[in-house]
Amino acid sequence: MRNFTLFAFLLFSISNFAQIKGTVTDEKGTPLPFVSIFEEGTYRGTTSNEQGQYQLQVKEIGSNRIVFQYLGFKTQKITVSPDSKVITLDVKLQEESFALNEVVIDPKNNPANAIIKNAIAKKKENSDRTQRYTADFYSKGMFKVKDLPKKILGQKVDLGPDMAANLDSTGSGILYLSETVSKITFEKPFKLKEKIIASKISGNNRGYSYNTAALSTYDFYDNTLDFDVKMISPIADNAFNYYKYKLEGTFYDDNNKQIYKIKIIPKRDKEPVFEGYIYIVDDSFAIYAIDLDLKGYRMKNEFTETMSLTQSFSYNSKNKIWSKNAQTLSFTAGVFGIKFSGQFNYVYSNYEFPSSFEKKTFGNEIVSFEANANKKDNAFWNEIRPIPLTIEESNDYVKKDSLLTIRTSKKYTDSIDAKNNKFKVWDILMGYDYKNTFKKYSFNYQGLLNISSLSFNTVQGFNLDSGFSFKKENEEEGKTTTIGTTFNYGFSDERFRATGYFSHKFNNINYATIGVSGGTKVAQFNSAEPITKLVNSVSSLFFKDNYMKLYNLEYAQVNYSQNVLNGVNLFAKVAYEQRKPLFNTTDYSFFKRDDLYSSNNPLDPNNFTTAPFDQHHLFKAGINARIDFGNKYISRPDGRYNFKDDRYPTVTLGFEKAFGGSEKKYEFERIGAAVQYDLNLNNKGILGMNFRAGKFFNAENIAFIDYRHFNGNQTHIGTTGRYLNVFNLMPYYANSTNDSYFEMHLEHNDKGYVTNKIPLLNLLKSTMNIGFHSLAIPDRKPYTELTVGLDNLGFGKFKLFRIDYIHSYQGGIQQNGVVFGLKILNALD
């Protein structure tokens, strides 16, 4: 009975609406894309698609006035009397005649400046009118590629059979197409709740689209808008520091309100600024429309060429509110001759503007999905979709949905796997992959000549990895099981070592994961591994510098992690460790062969006979809690996806205990805490902060391995994008401690705020980093560093480098140096 009642209600609701559809063109018959179309006096609206086609749901109540609004064309109102379920209404719009004679122009004063000053003065008042609302929301997103080559830099481009089927013979086609229908509740500045009613992805029957209102809110009443950097609004409080303005004309809209068309002109090319047009309403000085471009280099995103953002607003005479009814975001990007483009269309309708919300309206869940939101059929979408599909989009849905049935069948996946799983003799050396797509498991063998793992250190000499791994996934339940082993052989010490691991993730709700691992391996004294294998290999073989200090670790470990509360993750482990000292076994290098390497003793680099510790064993247990304050999340039927709220810090708390040692002296306790925070300074950049502190107990005679080691750097090579966890000139083990400690890292990236304004330097399109690093431990003078450098350096679109000048000071000893940041090493190692 309940289902029948619900069906009757839905049938009545649909029958109470009529659909108006047609095509909007100019007077020459050229289709006009993204025309704003809405029912006068209501918040029911839509936009036309790229081919000028539209469809609008209206209530069957007498005569309805339909408004057609498009920048550069006269607004047109047409009255229709719904006498059938579907009404065809084709419309031709006339170009707008812009006039300047209605504005008194003082040659000493730019009239556009006065309008913008009024818009800035009225900004809060106009923003407050839409401070809180509920609305229906629709979005459609599409990514396309053009001229994708067969190879890039000699490497074959393998998109897989599913993705390759989307492209034509020239390597062009739609890579991604999706739609979302939702209901949103919003309150400025940050409160949002979105319920996804329907979600659809072409060629994907799971269909959980990321086209959400949370990712599409661009408010020009704010001083800055968040893209890759904080872009300056044309009506920001400080807008005149960044823009010049030109009044290009005026016109009257259908409500007989005078609209000013103002050209936005950047004062400096490399600043985070827009260019294009803003339309301002006379008297109220509210935004009527936005038509702006963003250059990729102004966003510090070299791969993006141009991004265009348009917004249109409609006026409701009843509540005197200008509200956004449509938005389009499009972009072009490219690299290696490949052209990418994307377009996202958004429609806001059925607004309500309550004076307040109940206290429990908003929470940490920002997006949720209705049951079966991704199971809506074509009839539902054809009825509810406000923007008609283009021919290309319709064909993409039909093609990919048809292929999906075939490509997910056992017969098809088995045939593809059989082809790719063929074993060849040279796979013994080069590696082999086996995959069962239908049953969702895979097997990997790294090969005997796993060249990518080849590295060098003075203990093992050249050493090479191999191994096996098995992975099985259950996407619907969020389960993942991984089993693997790694074999390592050192050619100088002639020793074979092996480790194994097992990991199982139980779900994507609280991400409960258990792991077991063990075996024998060489390990750095600093478990954070401050020097990478690649950097150490180059330092050793080319410069005869031996920085990586190693010991032999035989261990067995069990660990477990889980999100226990919103934003709170716990990680616990118990391990047995047997540690043995190691010594250099080789003096080989490419150059400086007459020089000697330092020893493998981090306490005494010139002592080649004494070990830094005695062989011993112990048990270690630890628990860590990571707390992300204000954590937000998206709830989907297949899991929960967390989003850190950048307005709040991340706090980590930890406790470690060593027990059951071969001697009592090796046992200890340690507590630790860390606070990490990025302070957003709007257009002035980001100040990154990392504070760490800790204290040892009963640790007077513990092994040097268990000391607190700090991430130094003696190679003058930086491998990370930010230096918030490293001392750039400090020797790796010079300040290790078994007592209390406090370290502080501060780094401000100006995001171009300074460098954009300096002639010649602004041609680099770089950003400036200023840093301060400090370490305090008992019985020693504090260690401090001051840094200044340039980031976002590189060639063309590839900004992979940074360079910093460092001045360090400790106990009267001063050092100066330069660190070259090679951020690409982070991905290669």
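Scoring rules and cut-offs
Residues numbered from 1 in each chain as written. Predicted model: local features only at pLDDT ≥ 70, side-chain atom pairs only at ≥ 80, totals over all residues. Heavy atoms only, no water. Helix = DSSP H or I, 4+ residues; strand = E, 2+ residues; numbered from the N terminus. Rg over C-alpha atoms; globule rule 2.2 N^0.38 Å. Contact = heavy atoms within 4.5 Å. Areas by Shrake-Rupley, 256 points an atom, 1.4 Å probe, with all protein chains shown as cover. Lys, Arg positive; Asp, Glu negative; His and termini not counted. Charge placed at Lys NZ, Arg CZ, Asp CG, Glu CD. Buried < 20%, exposed > 50% of the residue type's maximum accessible area, 1.4 Å probe, protein only. Pairing = 2+ DSSP bridges. Axes fitted to C-alpha atoms, helices over the stretch in contact; angles between N-to-C directions. Core = buried A, V, L, I, M, F, W, Y, C linked by side-chain atoms within 4.5 Å. Salt bridge = Lys/Arg side-chain N within 4 Å of Asp/Glu carboxyl O. Phe/Tyr/Trp six-rings, centres within 6.5 Å; stacked < 30°, edge-to-face > 60°. Patch = residues over 30% accessible without salt bridge, like charges linked within 9 Å, V, L, I, M, F, W, Y side chains within 5 Å. Polar contact = N/O pair within 3.5 Å; in protein donor to acceptor, adjacent residues only side chain to side chain. pLDDT = per-residue confidence, 0-100.

Participant: Quick question: what am I supposed to make of the overall build of the protein here?
Facilitator: The secondary structure content of the protein amounts to ten helices and 44 strands. Relative to the compact-globule value of 28 Å for 829 residues, the protein shows a C-alpha radius of gyration of 32 Å, a close match. Looking at the protein alone, contacts between residues at least 24 apart form 61% of all its contacts between residues at least 6 apart. Working note: accessible area of the protein is about 40400 Å², and carbon and sulfur atoms make up 56% of it. With 102 positive and 89 negative side-chain charges, the protein shows a spacing of 1 Å between the two charge centroids.

Participant: Just checking my understanding: could you explain the environment of L822 for this structure?
Facilitator: Here L822 shows up in strand β44 (residues 813–822). Assessed through its relative accessible area of 26%, L822 is described here as partly exposed. Between the C-alpha atoms of L822 and K799, which are 23 residues apart in sequence, the distance is 10.0 Å. Not counting the four nearest positions on each side in its chain, L822 is found in contact with I717, G718, T719, L800 and F801.

Participant: Any chance you could explain the sheet that holds strand β3 (residues 45–47) here in plain terms?
Facilitator: Sheet strands pair via backbone hydrogen bonds, and the direction of the pair is either parallel or antiparallel. Taken in spatial order, the four strands make up an open sheet running β3-β2-β5-β6, and their pairing is antiparallel. With partners counted over all chains shown, the strands left at the sheet margins are β3 and β6 (76–80), one partner each. Strand after strand, the sheet turns through a mean of 20° between neighbouring axes, direction not considered. Relative to β3, strand β2 (residues 36–39) is paired through three bridges, and the arrangement is antiparallel. In the strand pairing of β3, I37 is matched with T46.

Participant: Got a minute to help me understand the nonpolar core in this structure?
Facilitator: Inside soluble globular proteins, nonpolar side chains tend to come together where they are buried. If you look at the biggest cluster of nonpolar residues, it comprises 61 residues, and the most contacted ones within it are F227, Y243, I262, F274, I278 and I287. Per element, the largest residue contribution to this core is six residues, and it comes from strand β19 (residues 287–295).

Participant: Got a minute to help me understand the pairing of strand β35 (residues 639–643) in this structure?
Facilitator: A regular strand places its side chains on the two faces of the sheet in alternate fashion. The pairing of strand β34 (residues 632–636) with β35 spans five bridges and is antiparallel. Along β35, the bridge assignment pairs S635 with R640. What sits between the antiparallel neighbours β34 and β35 is a turn of two residues.

Participant: Explanation requested: the pattern of salt bridges in the structure shown.
Facilitator: Side chains that differ in charge, positive against negative, can pair when their charged atoms come close. Per the stated rule, a full pass over the model turns up 44 salt bridges. Here K620 makes a salt bridge to E656, at a shortest N to O gap of 3.0 Å. Placement of K620 in strand β33 (residues 616–628) and of E656 in strand β36 (residues 650–659) is noted, with a sequence separation of 36 residues between them. As far as burial versus exposure is concerned, K620 and E656 are alike and both buried. The partner of R802 in a salt bridge is D804, and the shortest N-O contact between them spans 2.8 Å. A network of salt bridges, in which partner residues are shared, links E577, R579, K620, E656, R670 and D706.

Participant: What's the story with the packing of aromatic side chains in this structure? I'm lost.
Facilitator: Ring pairs (aromatic) are described by centroid distance and by the angle formed between their planes. Overall, the coordinates contain 56 aromatic pairs when judged by the stated rule. Note on F525 and F613: the rings are 6.0 Å apart at their centroids and 75° apart in plane angle, and the pair reads as edge-to-face. One end of the pair, F525, is in the loop between β30 (513–524) and α9 (533–543); the other, F613, is in the loop between β32 (568–581) and β33, with 88 residues separating them in the sequence. When the ring of F619 is compared with that of F659, the centres are 5.7 Å apart and the planes differ by 15°; the resulting orientation is stacked. Taken together, the residues span a long stretch of sequence, with F619 in strand β33 and F659 in strand β36 at a distance of 40 residues.

Participant: I would appreciate a short explanation of a nonpolar patch on the surface in the present structure.
Facilitator: Together, F423, V425, W426, I428, L429, M430, L448, L449, I451 and L454 give the surface a local cluster of nonpolar side chains, amounting to about 1000 Å² of exposed area. Here M430 lies in helix α8 (residues 427–430).

Participant: What exactly am I supposed to notice about helix α2 (residues 111–121) here?
Facilitator: Helical periodicity: at 3.6 residues per turn, an α-helix aligns residues three or four positions apart in one direction. Taken residue by residue, α2 has P111, A112, I115, I116, A119 and I120 as its buried positions. One side-chain oxygen at the N-terminal end of α2 lies 2.9 Å from the backbone nitrogen of A112; it belongs to N110.

Participant: What is the right way to look at the side chain of T499 in this model?
Facilitator: Among the secondary structure elements, T499 is positioned in strand β29 (residues 495–505). Ignoring anything within four residues of it in the chain, the contact list for T499 reads G484, T485, T486, G518, G519, T520, K521 and Y555.

Participant: Is there a simple way to think about the environment of L618 in this case?
Facilitator: If you trace the backbone, L618 turns up in strand β33. On the basis of relative accessibility, which here comes to 0%, the residue L618 falls in the buried class. With 49 residues separating them in the primary sequence, L618 and E667 have C-alpha atoms 7.6 Å apart. If we ignore the near neighbours within four places in the chain, the residues touching L618 are A575, Y576, E577, R579, A658, F659, G660, G661, Y666 and D706.

Participant: Sorry if this is basic, but what is going on with the pairing of β29 here?
Facilitator: As defined by bridge partners, strand β28 (residues 479–490) adjoins β29 across eleven bridges and the pair is classed as antiparallel. Across the sheet, T480 pairs through a bridge with K505, a residue of β29. Joining the antiparallel neighbours β28 and β29 is a turn of four residues, in which E494 adopts a positive phi near 50°. Strand direction decides the pairing type here: β29 and β30, joined by seven bridges, are antiparallel. Note that in β30 the partner of H504 across the bridge is I514.

Participant: Got a minute to help me understand the environment of V535 in this structure?
Facilitator: Mapped onto the elements of the fold, V535 is located in helix α9. You can call V535 buried: its relative accessible area is 11%.

Participant: Sorry, what's going on with the confidence of the model for the protein here?
Facilitator: As a general rule, the predicted coordinates of low-pLDDT regions are not to be interpreted in detail. Counting all residues, the mean pLDDT for the protein is 89, and 93% of those residues have values of 70 or more. Low pLDDT, under 50, characterises residues 1–15; the stretch is placed with three contacts to residues that sit more than four places away or in other chains.

Participant: Sorry if this is basic, but what is going on with unusual backbone geometry here?
Facilitator: Excluding glycine, most residues fall at negative phi; most peptide bonds, likewise, are trans. K188 connects to P189 through a cis peptide bond whose omega is 5°. Take P189: it is sitting in the loop between β12 (173–187) and β13 (191–201). You will see that D283, though not glycine, has its phi angle at about 75°, which is positive. In this structure, D283 sits in the loop between β18 (275–281) and β19. Judged by relative accessible area, D283 falls into the exposed class, the value being 61%. The backbone phi angle of N698 is positive, close to 55°, even though this residue is not glycine. The exposure class of N698 is exposed, given its relative accessible area of 51%.

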